[in-house]
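Inside the fold
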Amino acid sequence: MSIRVLSGDITEFRADAIVNAANSSLLGGGGVDGAIHRAGGPAILAECRELRRTSFPDGLPTGQAVATGAGSLPATWVVHTVGPVYGRDDAGLLDSCYAESLRVAAELGAKSVAFPLVSAGVYGWPKDDAVRRALRGFAGAPAPVAAIALVLFDPEDVALAGDIAASEG
Ligand code: AR6
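Not measured: the values here are computed from a predicted model.

**Topic: the overall build of the protein**
Tallying secondary structure elements over the protein gives five helices and six strands in all. Seen in sequence order, the protein has helices and strands lined up from the N terminus as β-β-α-α-β-β-α-β-α-β-α. Taken against the 2.2 N^0.38 rule, which gives 15 Å for 169 residues, the C-alpha radius of gyration of the protein at 14 Å falls within 12% of a compact globule. Once the C-alpha set of the protein is aligned to its principal axes, its extents read approximately 45 × 35 × 25 Å. Counting the 169 residues in the protein, one finds 46% classified as buried. Across the protein, the fraction of contacts at a sequence separation of at least 24, relative to all contacts at a separation of at least 6, is 69%. For the protein, the exposed surface amounts to about 7600 Å²; the carbon and sulfur share of it is 52%. When the 13 positive and 19 negative side-chain charges of the protein are each reduced to one mean point, those points stand 4 Å apart.

What follows is the structure, encoded as structure tokens:
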């Protein structure tokens, strides 16, 4: 299994599945969520609305994940997960975001999955802990996922992630 850390815009990333740092409404927002819906077009939102109607009338709980198509994005699927809010929610829920997103992607048959740094924007999670939890989460990826990318929006975060990866061995 390969794990890559790079900087870029995840909406442009060619992977079988890209992960969205959504909120429990699944109806869009700012940050990477807004970017994915803007770039992917209305088909993603239509599927999200349907998921709300059928499976998650009260919203997608924090730490869980669910997939839709990817609209006009280069990816095939978007896996929406809801990260915890720093200072309010349990850190285990961030680990759960990675585990559940990988489980959902694997169930779909995704071989490659790209993640943003879940919770590290609007939800305020410290970047170093967010990176550490992401990298640990990737280590347990189920088959058939063979390639994982952590796509960092801020180029300077790549150096931070490199330092953390080195310290984690
Ligand atoms: N590609 C990759 N990473 C990105 C992109 C992008 N296009 N845009 C932002 N990031 P955030 P959260 C990075 O705030 O903290 C939304 O309103 C960003 O720099 O997107 O989980 C949702 O609707 C940061 O490192 O997600 C929720 O309400 C990381 O993505 C709430 O924000 C996550 O930042 C979720 O907050």
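Back to the write-up after that little detour.
**Topic: the confidence of the model for the protein**
Close reading of the predicted structure is inappropriate where its pLDDT is low. Of the residues in the protein, 100% reach a pLDDT of 70 or more, and the chain-wide mean stands at 97. Taken over the whole predicted complex, pTM reads 0.98, whereas the ipTM for its chain interfaces reads 0.99.

**Regarding the nonpolar core**
If you look at the biggest cluster of nonpolar residues, it comprises 30 residues, and the most contacted ones within it are Tyr-98, Val-113, Phe-115, Leu-117 and Phe-138. At the level of secondary structure, the elements contributing two or more residues to this core comprise β2 (17–22), α3 (92–108), β5 (112–115), α4 (127–139), β6 (147–152) and α5 (156–168). Top element by residues in this core is α3. It accounts for seven residues.

**Some thoughts on the site of the ligand**
Close to the ligand lie 22 residues, the nearest being Asn-23, Gly-30, Val-32, Asp-33 and Val-122. The contact in question runs from an oxygen atom of the ligand to an N or O atom on the side chain of Asn-23, over 2.8 Å. The contact in question runs from an oxygen atom of the ligand to an N or O atom on the backbone of Tyr-123, over 3.0 Å. In the complex, 91% of the free accessible area of the ligand, which totals 700 Å², lies under the protein chains. Residue assignment for the shell around the ligand shows that the elements contributing at least two residues are β2 and α1 (31–40). Sorting elements by how many residues they give to the shell around the ligand places α1 first, with four residues. The class makeup of the residues in the shell around the ligand is eleven nonpolar, eight polar and three charged.

**What to know about the sheet that holds β2**
As summarised here, the arrangement of the six strands in space is β1-β6-β5-β2-β4-β3, forming an open sheet in which the pairing is mixed. Sheet topology places β1 (2–7) and β3 (65–69) at the edges, where each strand pairs with a single neighbour. Adjacent strand axes in the sheet meet at a mean angle of 25° when their direction is disregarded. Note: β5 against β6, four bridges, orientation parallel. Bridged to Val-113 within β6 is Ile-148. Contacts from helix α2 (residues 42–54) reach β3 and β4 (77–82), with the element oriented near 135° to β3. Sheet contacts for α5: β1 and β6; angle to β1, the most-contacted strand, approximately 145°.

The rules we used
- Residues numbered from 1 in each chain as written.
- Predicted model: local features only at pLDDT ≥ 70, side-chain atom pairs only at ≥ 80, totals over all residues.
- Heavy atoms only, no water.
- Helix = DSSP H or I, 4+ residues; strand = E, 2+ residues; numbered from the N terminus.
- Rg over C-alpha atoms; globule rule 2.2 N^0.38 Å.
- Buried < 20%, exposed > 50% of the residue type's maximum accessible area, 1.4 Å probe, protein only.
- Contact = heavy atoms within 4.5 Å.
- Areas by Shrake-Rupley, 256 points an atom, 1.4 Å probe, with all protein chains shown as cover.
- Lys, Arg positive; Asp, Glu negative; His and termini not counted.
- Charge placed at Lys NZ, Arg CZ, Asp CG, Glu CD.
- pLDDT = per-residue confidence, 0-100.
- Core = buried A, V, L, I, M, F, W, Y, C linked by side-chain atoms within 4.5 Å.
- Near = heavy atom within 4 Å.
- Polar contact = N/O pair within 3.5 Å; in protein donor to acceptor, adjacent residues only side chain to side chain.
- Nonpolar A, V, L, I, M, F, W, Y, C, P; charged D, E, K, R; others polar.
- Pairing = 2+ DSSP bridges.
- Axes fitted to C-alpha atoms, helices over the stretch in contact; angles between N-to-C directions.

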